[in-house]
Amino acid sequence: MPFPTKARTLLAAVAMALATASGALADKIELLDAAPEDALVVNIDKMKYETPEITIKAGDAVTWTNQEVMPHNVHFLAGVVADEAVKGTMLKKDESWSARFNEPGTYDYHCTPHPFMRGKVVVE
Ligand SMILES: [Cu+2]
């Protein structure tokens with residue numbers, strides 16, 4: 001009775017391939033609960049990201065901190081850092097949002113309610 005075993009093996013192989021594919025995308029960015037001490041900081045003020053283009057090394061973390069009363073966030077469209085869009089929480093004044101970037105690439109982002117606010121993270 002080799003067939004059922006073979007079919008199970010094939011299914012397992014397909015499941016593993018799918019898991020690997022989505023895992024690779026998820027590995028590009030890691031959302032962090034707290035800002036690591038060595039994170040590079042991008043301040044948000046006067047309706048803009050003060051460092052709209054930031055260059056970091058793979059494995060570095062970036063912390064965005066809102067300096068003004070107007071709430072802002074960081075939003076990566078689907079396909080940029082993951083299959084799905086990654087939409088950061090809306091930050092009130094003095095609140096932060098952090099992420100670690102693990103793969104080289106250029107990752108564009110914007111602010112959800114203010115799409116004219118744009119920035120990018122270049123990971124080397
Ligand atoms: Cu905004």
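Owing to the predicted nature of the structure, the values given are computational and were not obtained by experimental measurement.

Draft legend 1. Seen up close, the overall build of the chain. Scanning the chain for helices and strands turns up one helix and ten strands. What you see in the chain, going N to C, is helices and strands ordered as α-β-β-β-β-β-β-β-β-β-β. Residue burial in the chain is summarised as follows: out of 124 residues, 33% are buried. Sequence separation of at least 24 residues holds for 61% of the intrachain contacts in the chain that already meet a minimum separation of 6.

Draft legend 2. Structural detail: the nonpolar core. Ranked by internal contacts, the top residues of the largest apolar core, which has 23 residues, are Tyr49, Trp64, Phe76, Trp97, Phe101, Tyr109 and Val121. At the level of secondary structure, the elements contributing two or more residues to this core comprise strand E2 (40–45), strand E4 (53–56), strand E5 (61–66), strand E8 (96–101), strand E9 (105–111) and strand E10 (114–123). Valine 121 has contacts with Ile54, Ile56, Val62, Trp64, Phe101, Gly105, Thr106, Tyr107 and Tyr109, leaving out every residue within four places of it along the chain.

Draft legend 3. Here's a closer look at the coordination of the copper ion. Protein-derived coordination of the copper ion comes from His72 (ND1), Cys111 (SG) and His114 (ND1), at a distance range of 1.9 to 2.1 Å. When the donor residues of the copper ion are listed from N- to C-terminus, their spacing reads H-x38-C-x2-H. Accessibility expressed as a relative area gives 0% for cysteine 111, which makes it buried. Judged by relative accessible area, histidine 114 falls into the buried class, the value being 10%.

Draft legend 4. Geometry of the pattern of salt bridges. For the coordinates displayed, the defined rule picks out two salt bridges. Ionic pairing is found between lysine 46 and aspartate 45, a salt bridge with its closest N-O pair at 3.7 Å. Using a relative accessible area of 62% as the deciding quantity, one classes lysine 46 as exposed. Look at aspartate 45 and you get buried, because its relative accessible area is 16%.

Draft legend 5. Spatial organisation of the pairing of E10. Where E4 meets E10, four bridges bridge the pair, whose relative direction is parallel. Looking at the pairing, isoleucine 54 lines up with valine 121 of E10. As defined by bridge partners, E9 adjoins E10 across seven bridges and the pair is classed as antiparallel. Counterpart to cysteine 111 in the pairing with E10 is histidine 114. Where E9 hands over to E10, the hairpin turn is made up of two residues, counted between the paired strands.

Draft legend 6. View of the confidence of the model for the chain. Averaged over every residue, the pLDDT of the chain is 87; residues scoring 70 or more account for 79%. Below a pLDDT of 50 lies the segment residues 14–25, which in the model reaches four contacts outside its immediate sequence neighbourhood of four places, other chains included.

Quick notes on the rules
- Residues numbered from 1 in each chain as written.
- Predicted model: local features only at pLDDT ≥ 70, side-chain atom pairs only at ≥ 80, totals over all residues.
- Heavy atoms only, no water.
- Helix = DSSP H or I, 4+ residues; strand = E, 2+ residues; numbered from the N terminus.
- Buried < 20%, exposed > 50% of the residue type's maximum accessible area, 1.4 Å probe, protein only.
- Contact = heavy atoms within 4.5 Å.
- Core = buried A, V, L, I, M, F, W, Y, C linked by side-chain atoms within 4.5 Å.
- Donors = N, O, S within 2.8 Å, 3.2 Å for Na, K, Ca; no water.
- Salt bridge = Lys/Arg side-chain N within 4 Å of Asp/Glu carboxyl O.
- Pairing = 2+ DSSP bridges.
- pLDDT = per-residue confidence, 0-100.

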